[in-house]
Amino acid sequence: MTVTYTADVSSRKFISNFLRLLFRWRGSIYKLMWVDLIVFVTIYAILAFIYRVCLNNSLRYGFEYAVMYCNSQLNLIPLSFVMGYFVAIVMTRWWAQYTTIPWPDSIATLISCSVHGFDDRARAMRRTIMRYVCLCQTIVFTMISPSVKKRFPTYNQIIEAGLLQENEKQIIETLDLAFPHYPKHWMPIVWAASIVMRARRENKIRDDYAVKTIIDELNRFRGLCGFLLYYDWVSVPLVYTQVVTLATYTFFLCSIIGSQWIDNPQSPTASNLVVKYFPILSILRFFFYMGWLKVAESLINPFGEDDDDFEVNWMIDRNLTVSYLIVDEMHQEHPELLKDQYWD
Amino acid sequence: MTVTYTADVSSRKFISNFLRLLFRWRGSIYKLMWVDLIVFVTIYAILAFIYRVCLNNSLRYGFEYAVMYCNSQLNLIPLSFVMGYFVAIVMTRWWAQYTTIPWPDSIATLISCSVHGFDDRARAMRRTIMRYVCLCQTIVFTMISPSVKKRFPTYNQIIEAGLLQENEKQIIETLDLAFPHYPKHWMPIVWAASIVMRARRENKIRDDYAVKTIIDELNRFRGLCGFLLYYDWVSVPLVYTQVVTLATYTFFLCSIIGSQWIDNPQSPTASNLVVKYFPILSILRFFFYMGWLKVAESLINPFGEDDDDFEVNWMIDRNLTVSYLIVDEMHQEHPELLKDQYWD
Amino acid sequence: MTVTYTADVSSRKFISNFLRLLFRWRGSIYKLMWVDLIVFVTIYAILAFIYRVCLNNSLRYGFEYAVMYCNSQLNLIPLSFVMGYFVAIVMTRWWAQYTTIPWPDSIATLISCSVHGFDDRARAMRRTIMRYVCLCQTIVFTMISPSVKKRFPTYNQIIEAGLLQENEKQIIETLDLAFPHYPKHWMPIVWAASIVMRARRENKIRDDYAVKTIIDELNRFRGLCGFLLYYDWVSVPLVYTQVVTLATYTFFLCSIIGSQWIDNPQSPTASNLVVKYFPILSILRFFFYMGWLKVAESLINPFGEDDDDFEVNWMIDRNLTVSYLIVDEMHQEHPELLKDQYWD
Amino acid sequence: MTVTYTADVSSRKFISNFLRLLFRWRGSIYKLMWVDLIVFVTIYAILAFIYRVCLNNSLRYGFEYAVMYCNSQLNLIPLSFVMGYFVAIVMTRWWAQYTTIPWPDSIATLISCSVHGFDDRARAMRRTIMRYVCLCQTIVFTMISPSVKKRFPTYNQIIEAGLLQENEKQIIETLDLAFPHYPKHWMPIVWAASIVMRARRENKIRDDYAVKTIIDELNRFRGLCGFLLYYDWVSVPLVYTQVVTLATYTFFLCSIIGSQWIDNPQSPTASNLVVKYFPILSILRFFFYMGWLKVAESLINPFGEDDDDFEVNWMIDRNLTVSYLIVDEMHQEHPELLKDQYWD
Amino acid sequence: MTVTYTADVSSRKFISNFLRLLFRWRGSIYKLMWVDLIVFVTIYAILAFIYRVCLNNSLRYGFEYAVMYCNSQLNLIPLSFVMGYFVAIVMTRWWAQYTTIPWPDSIATLISCSVHGFDDRARAMRRTIMRYVCLCQTIVFTMISPSVKKRFPTYNQIIEAGLLQENEKQIIETLDLAFPHYPKHWMPIVWAASIVMRARRENKIRDDYAVKTIIDELNRFRGLCGFLLYYDWVSVPLVYTQVVTLATYTFFLCSIIGSQWIDNPQSPTASNLVVKYFPILSILRFFFYMGWLKVAESLINPFGEDDDDFEVNWMIDRNLTVSYLIVDEMHQEHPELLKDQYWD
């Protein structure tokens, strides 16, 4: 479920709004990072303990060399640079996916305006077209979202949800056998287009112009659904993700070693007791860089089950309900026309 | 209310235009930051006082270690980098939201051109359609803007403003009960579409083509309103905001400590009396980074009540007034056709 | 007037093209900066003179401390970073505003093709519609461009330019009194739409389709004009501009002090006579950063009177002339149809 | 074949998702880089061996000077900066090319809805139009993708695949002789448009509006195919690619020399045994920068045969199959209209 | 002529693809830079010679001071930053201009489908409309591209190329006299629109809908041509180009001096013989930054005669040929309709 916080930061308060955001748990950086943080601190502490207690002199020298070496090399990988670019790319894709999700409202309005008649056949046409539109979206979501897949593991659950009929399922399964390698999300849209053509022949749609507009909208809907699939097929190239991940974890191995306090005159902090006992800034730096990587990790697939992911199951229910409402209950209904307050 | 200053910087003057902008208070960085600045300076002064007056020698050593440690670590978090990316993202969203706000002018022009007739029924149709369009926008604004919510806490205030009728309110409230989890901003648009269809049946609209164009525009208007909602639901991910906020405040804790003057030969500024008494540059650096964060803070929700936020209440009034003006007073009126100055 | 130089850099020459661009004055960085440069050099020289001649020893120490302090802090504000982002934002807006300016050519072509008839009434209709389109743009320009405002301080000058008639002015002024807070640039477009509807009723436009297309184009034109207004109302947030300006000028105060030559063994350049007498690189650095700020300053309002601003007055004249040419002189005229050179 | 991994990173797991991505081989950074890595390590080892074993004192001094010189100059080229910009440009182009690939589904739906009749002639028309659409795409792919070129080296293989007929091949070859310098991918689209016009004349398409819509879609398809060609013709300018490549390889020559351990008191790591025997961080830095360059290298032409390239051959087969399915098997068929689960 | 190299980098080879790109001359960085490189090396050598041979001691001190001063100031101008932004802006504009160039293919397809008749008059209409479209583009190219201007210095050469007729030239020249300050590229498009209207009146175009679509496309073509002009009129602001050029050349003056080897104990490289005799890295750094500037220089006007510029002359020929081919030779022709390979 998405984490919404804009209402908390709408206006300037005496205390900074962003400061107050730090005290949240759901969708927070703490929730994403506490495991990594514990791992980091533990390894740091173990290394410090070994160095200060267990090692003999020659091993200590080796350890001190390693610390100084890591410390000097720490800034040679421009981690902030590559992370910045990577997170920017991931965020752009994340938002683009959000805006790609199609909503059936315009099609419902068009269908309600264009397919005339209050008899059962006209109602069935209107409702079936909208059902097919929602079905197309649902099939795509089962392919890209594990949480939707969990809700609809097979076509039977989609039937139970009222999005599919038994006879339709058989047609899809026949074609699934014939062409197993191609996704079938476009089939309900083609059916919907055929129903539109039939409605035109039965004169339930009264002009060719409306037919054209509806077909265009159906095609647009299918196109957006297809785009969601392409986003799923072609993600940020694996090489890029690997390079960034390797760079971050390398940085932290160096960081764990390089920020150890050592009792060596070549170390500038050798006599600094604060460094010896409270290496708080090394931990904060870890927190910062790893947090940045976690931002990327939680956004790279926005259809998952993270706190920050889109509420696709809610969308599926909402779309079917609102579609039926528009094309059936509210079909060509509107409140009585009254003179408004500013009339003359 | 938005802060406009382009008129002041339109042309080059002898004195730099930007310099003159520094002497503004409304919407200024000083207004946003004076609290934080006072807090910073106070803590800085208290620490300096404690160090110079209260501490015994061993505590002074500890303090000096802490100062040297913080000072050396200050640049290890690439704050400018991550702030730059974050502010860029926030500004992009801020401008995108501004350009997403729909204006009813094109619908009004279309309605005025397409719905013919000067009788009361035709007038009521034109006015009601425009009222529904403005109502849709107002409902969306009550959901995303605290200042509009304050103006219209319930439907009753919307009725008083002349945007809603009593009978319409009852329909919406019935549906609010039936489907409490779905926003209802699209309902007035569906009603408007139904009125358009009725106007077509009563031959007040004379061709199917105009119907199609109006429905398209209504759908586009509803789509943009929906987009404003999506911007509200899915903001910059909380993790990112938290990471940036944490980084900035960590930086400043370090900065308050690390830029203290200490009387220690290891400190390069130990004998520098300017540093000792006028640490002005540390304060300016604080001003700079915190100012950058404040830019992000004031832009992340542009529908709030900050100086820099959009004037949504003005928009609501303007849209209803101008809509009525176009579809009613100015309906198919134009000045007499005269020969212009360059005629032959 | 815009500064065009692409013709000079179209192809590689023996001497670098960009080098030759340095010897221009109009629209150049020298013209923008000479005042600031003189101020900088003067203050620098005065400080150097004071230090070297006027001060006694203890004041010299103070001055030297200040120099060393400023010098060490100079790089702590990431000026290049924040300037880079800021200039990028300003340039994006600047180009977006340029591409937002609407041109009436497509409307003129449509009107010429759709409004038939060579009688005075048809001609008047075609010319008046185009005049209203140009008028809408001119009204918007008077609101955003000081140079256009100077040319048309009141409606009377617009009448003199042949863009407005006396009776139209009275209608606008009446509405200005009734609704003083709303801009009125959309009124001529609504009139133009009404004339189009009248032309349809008088069968000067022969199909509903053409009406629809013209109304769409008129709406698009009005929308773009409105967008120019929004760019003017909502500029880069004042806080951001202030932060950048403050950072730059702070940097230069530090720079003036920090790059002074001092006769102190702690200074690495104490014995360097080049630094003592020719601090040329400090001046170049000033030139560079301040030049970057000037780029932003000259682009933030592209409708002003800078060398680099858009030639809006030229546009107003050109648009009216070309519009009349297309809808009147060239109306449904074309050269005789001949067989071309490659015929068979 | 594209490497898909989003399903692995959809939701937060106990162990970081990105860490698990490191253990992949197909499309991985290891597969791209192992040759370069071996070359780097080998040269590094040879140099180290020569220095430590083979050189006499004066040559050792020379080597040490070279090492210190390279080490000090290593950071003077802002490699991360220029690489970041370059990779950003390449990735933008890569994704833009992916989204430019046109899909024939909308044309198929339109043809199926608009070209009526179940007789052989109508079927042939529908199938031939879709075949021409797929043929246009295939011809473009043979021009930009080596793997498609390998599959269809001449027109004969395209005939065998059922995308072209013998008589059509002869027409194309005639024109290829007449105008050898112009690509011919637009010819099938022009034929398809001619068939549409014939279908209109034979009244298989019943209104001009449908004709217009289909012609528009055909033009859009041709336009996107043309765009794929432009991406191929005008790549990232060669100068830019050369500058980046030169900078990277220069950096690594310096890096191989500059990160050598030397037994010289001027070297800060002279006594550090870790540096002497385990120069692991230099290798990681190489890995990181070269990996970044490899990201650019594998994305600059996304129609090649790398692991990460688009599956164009799959697309060609899929498009023909699905097109025939929509316009023929499913032509104006849809499941029986039934009352759905939520009916009243 | 554009330099195409994507075919060389389509797939991963054993040896890095990018490495092989380094061995190209046409459009290469070497070709752009050899003059500058020779100048740089020569000045560097002269300075080194003067210092080592000609100077007496006091002048040597002065020179050494200058070297140390330049060396210490070298990194104070963030050249990589400002260059990165500048090149990014230039590349964005360069690609945008490429995609702005309009192609007449869609208009040709529409004309071929809509203007019926095989008689001479219909043929002349189709051919003349397309000729006007190509003429509009050619006129624009003569205004922005020196190589096209060289090919068509006056209207007579355009007549010889078959794009213009004598009578049309006279009309244009009359208007050129009347309105010398406005470009006339839109005139052929207005003529083309008039021919379309005449074809409608003579019933060669059979429905208003086709007329509307063609007018829209003509307007779009004219709009894109106009956009090419705007790109030419308003380039990257001169101030920005000057700032970047100044910064780069300043950097190199400093670099030539600052990277000189000096025999001074304060210089860290005083005893380094590699620096003394092989200052190869300074040269590479020059190569890198200057190369970056050259990228910008060769892209800022893509219609020139550089190796990397667009082949506008080829486009002019191709467009006329293909246009005639589509509207005349291939007019409503298509291969015989046959059953395809997968029929049943």
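Keep in mind that this is a model prediction, so the values were computed, not measured.

J.: Mind showing me how you'd approach the overall build of chain A here?
T.: Across its full length, chain A carries 15 helices and 0 strands. Along the longest, intermediate and shortest principal axes, the C-alpha atoms of chain A span 95 × 65 × 30 Å. The buried share of chain A, reckoned over its 344 residues, is 67%. Counting contacts in chain A only where the partners sit at least 6 residues apart, residues at least 24 apart contribute 77% of the total. Taken as a whole, chain A presents about 12,200 Å² of accessible surface, with 61% of it coming from carbon and sulfur.

J.: What should I look at first to understand helix H2 (residues 29-54) of chain E in this one?
T.: Residues lying three or four places apart along an α-helix face the same way, a consequence of the helix completing one turn every 3.6 residues. Counted at 1.5 Å a residue, the expected span for H2 of chain E with its 26 residues is 38 Å, and the 36 Å between its end C-alpha atoms agrees. Of all bends in H2 of chain E, the biggest is about 40°, found at Val35 of chain E. Taken residue by residue, H2 of chain E has Ile29, Leu32, Met33, Val35, Asp36, Phe40, Tyr44, Ala48 and Tyr51 of chain E as its buried positions. Those residues of H2 of chain E that are buried lie in contact with helix H12 (238-258) of chain D together with helix H3 (57-73), helix H12 (238-258) and helix H14 (280-299) of chain E. Between the side-chain oxygen of the N-cap and the backbone nitrogen of Tyr30 of chain E there are 3.3 Å, and the N-cap of H2 of chain E in question is Ser28 of chain E.

J.: Can you walk me through unusual backbone geometry in this structure?
T.: Glycine aside, the phi torsion of most residues is negative, and most peptide linkages are trans. Residues and elements named next belong to chain A. Positive phi is not limited to glycine here, since Asn203 has a value of about 60°. Along the chain, Asn203 falls in the loop between helix H10 (187-201) and helix H11 (208-233). Taking the relative accessible area as the measure of exposure, Asn203 reaches 48% and is therefore partly exposed.

J.: Please explain the interface of chain D and chain A as it appears in this structure.
T.: For interface size, the figure often reported is the accessible area lost on association. Taken together, the 89 residues of chain D in the interface contact 94 residues of chain A. Summing the contributions of chain D and of chain A, the shared interface buries around 8,200 Å²; its carbon and sulfur component is 68%. Viewed at the interface, chain A and chain D are joined by 2 salt bridges. Taken together, the links from chain D to chain A amount to 19 residue pairs in polar contact (both at pLDDT 80 or more). At the level of elements, helix H1 (17-21), helix H2 (29-54), helix H4 (79-100), helix H5 (105-114), helix H11 (208-233), helix H13 (273-277), helix H14 (280-299) and helix H15 (312-329) of chain D are the ones that each hand at least two residues to the side of chain D that touches chain A. Residue classes in the side of chain D that touches chain A are distributed as 49 nonpolar, 26 polar and 14 charged.

J.: Help me understand H12 of chain D, please; the structure alone is not making it clear to me.
T.: With 21 residues, H12 of chain D ought to run about 30 Å at 1.5 Å a step, and its terminal C-alpha atoms sit 29 Å apart, in line with that. With 18 of 21 residues buried, H12 of chain D lies mostly within the body of the structure.

J.: Sorry, what's going on with the environment of Pro268 of chain C here?
T.: Considering the arrangement of structural elements, one finds Pro268 of chain C in the loop between helix H12 (238-258) and helix H13 (273-277). Considering only alpha carbons, one finds Pro268 of chain C and Arg318 of chain C, 50 residues apart in sequence, at a separation of 62 Å.

J.: Looking at this structure, I do not really get the pattern of salt bridges. What am I missing?
T.: If charged atoms from side chains of opposite charge come close, those side chains can pair. Evaluation of the coordinates by the stated rule reveals 83 salt bridges over all chains. Taking the shortest distance from any N to any O, the salt bridge between Asp317 of chain C and Arg151 of chain C comes out at 2.8 Å. Placement of the pair is Asp317 of chain C in helix H15 (residues 312-329) and Arg151 of chain C in helix H7 (residues 146-151), with a sequence separation of 166 residues. When the shortest N-O distance is used, the salt bridge between Asp216 of chain E and Lys212 of chain E registers 2.5 Å. Within this pair, Asp216 of chain E and its partner Lys212 of chain E are both found in helix H11 (residues 208-233), separated by 4 residues, close to a single helical turn. Among the ionic contacts, a cluster of salt bridges with common partners joins Asp119, Arg121, Glu202 and Lys204 of chain A.

Calculation criteria
Residues numbered from 1 in each chain as written. Chains lettered and ligands numbered in written order. Predicted model: local features only at pLDDT ≥ 70, side-chain atom pairs only at ≥ 80, totals over all residues. Heavy atoms only, no water. Helix = DSSP H or I, 4+ residues; strand = E, 2+ residues; numbered from the N terminus. Buried < 20%, exposed > 50% of the residue type's maximum accessible area, 1.4 Å probe, protein only. Contact = heavy atoms within 4.5 Å. Areas by Shrake-Rupley, 256 points an atom, 1.4 Å probe, with all protein chains shown as cover. Expected span 1.5 Å × (residues − 1). Bend = angle between axes of the 7 residues up to and from the residue. Polar contact = N/O pair within 3.5 Å; in protein donor to acceptor, adjacent residues only side chain to side chain. Buried area = accessible area lost by both parts, 1.4 Å probe. Salt bridge = Lys/Arg side-chain N within 4 Å of Asp/Glu carboxyl O. Nonpolar A, V, L, I, M, F, W, Y, C, P; charged D, E, K, R; others polar.

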